[in-house]
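Inside the fold
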Amino acid sequence: MIDTNNLKITAEKYGIVIPEGMLKYYDFIAEQLVEKNKCYNLTAILEPNDIINKHFIDSLTIVPVISKINKLGSVIDVGTGAGFPGTIAALALKENQSTLLDSSEKKINYLIDLIAEIGEGYAHSPKVVCSRAEEAAKNENHREKYDFAVSRAVASLNTLTELCVPLIKVGGFFVAMKGKNAENEIAEAKNAMSELNVVIEDMEKIILPDESERNILIMRKIGATPDKYPRRSAAIKKKPL
Ligand code: SAM
């Protein structure tokens, strides 16, 4: 389905080595994405090279970021959709336990089947949770339980901070995958960052193979989340922090 040699070579340019024996799982994910998109409406990105560049390589860019900080930490992908970055990063993060969260039941059903089919391709099979992030963060099984929350293409940074940070342990990290507008989003999210007790630790700028700009923003949680956060979805929408 995809040119796995191209995937391997491109990933290496970003410092990620995909072992030969793992390439078949990326190919399988691409094939399932295209096949199941017909009934699940998963993504608009369906051309093989676009799948490699815009889904797989982009998802893999968070792997070195996470590995550098904590090779063993638990990771939750908030608003994972068809599994990006979570399903792809989890293939490469051999020791981290990943959880994929989305509010869409059909996407979660797609992911449950996909992960079962990949089976031992994952050193730790990702866990899958069907919930809104606001609701998961009120549940003691998820609130302040993760070392990392990652997210791509879900909400603007101020809203995303309220959705993701309550899920992270104090001392954990929020890894937001943002585009070329990252600096503006950061300026708008100052209040959210202060309310949710996170500080910016670093930002890595990466140029993706299609020349688009990816900014990986890394925030560290320095204090507990106040009980009032996250607010209900309607309140977040009506008055973002
Ligand atoms: N992260 C994936 C990607 O980059 O391809 C999916 C992005 S898609 C545009 C946004 C996803 O976030 C959707 O699947 C949607 O169901 C999910 N989502 C949006 N708000 C959410 C929330 N509050 N809690 C959980 N999932 C949410």
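Because the structure is a prediction, the values reported are computed rather than measured.

Now for the site of the ligand. Contacts to the ligand come from 17 residues, most closely from Gly79, Phe84, Asp102, Ala133 and Arg152. Here a nitrogen atom of the ligand sits 3.1 Å away from a polar atom, N or O, in the side chain of Arg132. Contact with the protein chains hides 78% of the accessible area of the ligand, taken as 600 Å² for the molecule alone. Mapped by element, the contributors of at least two residues to the shell around the ligand are strand 2 (98–102) and helix 7 (133–136). When grouped by side-chain class, the residues that make up the shell around the ligand number six nonpolar, six polar and five charged.

The subject of this paragraph is the environment of Asn6. With respect to the secondary-structure elements, Asn6 resides in helix 1 (residues 4–13). Separated by 43 residues in the primary sequence, Asn6 and Asn49 have C-alpha atoms spaced 8.7 Å apart.

Let us look at helix 2 (residues 23–40). In this model, helix 2 (18 residues) spans 24 Å end to end at C-alpha, consistent with the 26 Å of a helix rising 1.5 Å per residue. Turning to helix 2, its buried residues number three or more, namely Leu23, Tyr25, Tyr26, Asp27, Phe28, Ile29, Ala30, Gln32, Leu33, Asn37 and Tyr40. Asn41 lies just past helix 2 and shows a positive phi near 50 degrees.

Attention now moves to helix 4 (residues 62–69). Within helix 4, burial applies to Ile62, Val63, Val65 and Ile66. Each buried residue of helix 4 lies within a common arc of 165 degrees when the element is viewed along its axis, so the set occupies one face.

Calculation criteria
Residues numbered from 1 in each chain as written. Predicted model: local features only at pLDDT ≥ 70, side-chain atom pairs only at ≥ 80, totals over all residues. Heavy atoms only, no water. Near = heavy atom within 4 Å. Polar contact = N/O pair within 3.5 Å; in protein donor to acceptor, adjacent residues only side chain to side chain. Areas by Shrake-Rupley, 256 points an atom, 1.4 Å probe, with all protein chains shown as cover. Helix = DSSP H or I, 4+ residues; strand = E, 2+ residues; numbered from the N terminus. Nonpolar A, V, L, I, M, F, W, Y, C, P; charged D, E, K, R; others polar. Expected span 1.5 Å × (residues − 1). Buried < 20%, exposed > 50% of the residue type's maximum accessible area, 1.4 Å probe, protein only. Arc of directions from axis to C-beta.

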